[in-house]
Amino acid sequence: MSQPDLPPLPLGAEDEAAPRFAEPWHAQLFALTLRLSESGHFTWPEWAAIFGEELKRASEAGAPKDGSAYYDVWLTALERLLSERGLAAAADLAALKQAWEEAYLATPHGQPVKLRR
């Protein structure tokens, strides 16, 4: 299987040739998106088209131009694609996001965030 044409990743300040993720969830989100594509749920060009639409929408809505919203937009695009493909209901995604936010807010600083079942 050939490698898909991937979007450019943010580069690290120390080594301009090495991709850098500012947060662990950025890397996890990237890996999840790639895995879903490799599993045949969508092609990389389909992903890139939706991600491009969401980047444009975010820019038009006033998102910062410094790249700080890149993975927030990435997440929005993936959620949209999952919903459109019937892989996850929008309401379920919203409920899960709310549960993570509540868990985060209830977790003491420095402790791992855990979802309650």
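Residues numbered from 1 in each chain as written. Predicted model: local features only at pLDDT ≥ 70, side-chain atom pairs only at ≥ 80, totals over all residues. Heavy atoms only, no water.

Considering the nonpolar core
Rules: Remark: nonpolar core denotes a set of buried residues (Ala, Val, Leu, Ile, Met, Phe, Trp, Tyr, Cys) joined through side-chain atoms within 4.5 Å. The buried label applies to any residue whose accessible area, calculated with a 1.4 Å probe on protein chains only, is under 20% of its type's maximum; exposed applies above 50%, and partly exposed to all values in between. Strands are runs of DSSP state E lasting at least 2 residues, helices are runs of H or I lasting at least 4, and numbering of each runs from the N terminus.
Counting residues in hydrophobic clusters, the biggest one holds 19 residues, and the most contacted among them are Phe42, Trp47, Phe51, Trp74 and Leu78. Counting residues per element, the ones that place at least two in this core are α1 (24-38), α2 (44-60) and α3 (70-84). Here this core gets 8 residues from one element, more than from any other, and that element is α3.

Observations concerning the packing of α1 against α3
We count it as follows: To obtain an axis, a line is fitted to C-alpha atoms, over the contacting stretch when the element is a helix, and the angle between two such axes runs from 0 to 180 degrees between their N-to-C directions. Throughout this description, any angle smaller than 35 degrees is read as roughly parallel, any larger than 145 degrees as roughly antiparallel, any in the 65 to 115 degree range as roughly perpendicular, and the remainder as oblique. Crossing chirality is assigned from the near helix's rotation relative to the far helix, an anticlockwise turn below a right angle marking it left-handed and a clockwise turn marking it right-handed. By definition, residues are in contact when any of their heavy atoms lie within 4.5 Å. Each residue is assigned to one of three groups, with Ala, Val, Leu, Ile, Met, Phe, Trp, Tyr, Cys and Pro labelled nonpolar, Asp, Glu, Lys and Arg labelled charged, and all others, Gly among them, labelled polar.
For the pair α1 and α3, the least separation of the axes is 11 Å and the interaxial angle reads 30°. Accordingly, the angle class assigned to the pair α1 and α3 is roughly parallel. Relative to α3, α1 is oriented so that their crossing is left-handed. Only Tyr71, Asp72, Trp74, Leu75, Leu78 and Leu82 of α3 make contact with α1, whose side of the interface consists of Trp25, His26, Leu29, Phe30, Leu32, Thr33 and Leu36. Among the residues forming the contact of α1 with α3, the class breakdown is 10 nonpolar, 2 polar and 1 charged.

Digging into the packing of aromatic side chains
Just so we agree on the cut-off: Aromatic pairing here means that ring centres of Phe, Tyr or Trp (its six-membered ring) are within 6.5 Å. Orientation follows from the plane angle: under 30 degrees is stacked, over 60 is edge-to-face, and everything else is tilted.
A full pass over the atoms with the stated rule returns 12 aromatic pairs. Measuring from ring centre to ring centre gives 5.5 Å for Phe30 and Trp74, while their planes differ by 45°; the resulting arrangement is tilted. Of this pair, Phe30 sits in helix α1 while Trp74 sits in helix α3, placing them 44 residues apart in sequence. Assigned by exposure class, Phe30 and Trp74 land together as buried.

Side note on the environment of Glu23
Looking at the secondary structure, you find Glu23 in the segment before α1. With 48 residues separating them in the primary sequence, Glu23 and Tyr71 have C-alpha atoms 9.6 Å apart.

Observations regarding the side chain of Thr33
Mapped onto the elements of the fold, Thr33 is located in helix α1. For Thr33, a relative accessible area of 0% puts it in the buried group. In this view, Thr33 contacts Phe42, Trp44, Trp47, Trp74 and Leu78; residues no more than four positions away in its chain are not counted.

A word on the pattern of salt bridges
Where we set the bar: Should a side-chain nitrogen of Lys or Arg be within 4 Å of a carboxyl oxygen of Asp or Glu, the pair is scored as a salt bridge.
Scanning the model with the defined rule gives 7 salt bridges in all. Among the ionic pairs, Glu60 bridges to Lys56, the shortest N-O distance being 4.0 Å. Placement of the pair is Glu60 and Lys56 together in helix α2, with a separation of 4 residues, close to one helical turn. Lys56 sits in the exposed class, given a relative accessible area of 54%. Here Glu79 makes a salt bridge to Lys97, at a shortest N to O gap of 3.3 Å.

Observations concerning the packing of α2 against α3
Interhelical geometry of α2 versus α3 gives an angle of 125° and a closest axis separation of 9 Å. It follows that α2 is oblique to α3 by the angle criterion. The element α2 and its partner α3 pack so that their crossing is right-handed. For the pair α2 and α3, contact is made by Trp44, Trp47, Ile50, Phe51, Glu53, Glu54, Leu55, Arg57 and Ala58 and by Tyr70, Val73, Trp74, Thr76, Ala77, Leu78, Arg80, Leu81 and Glu84, respectively. Of the residues assigned to the contact of α2 with α3, the class counts are 12 nonpolar, 1 polar and 5 charged.

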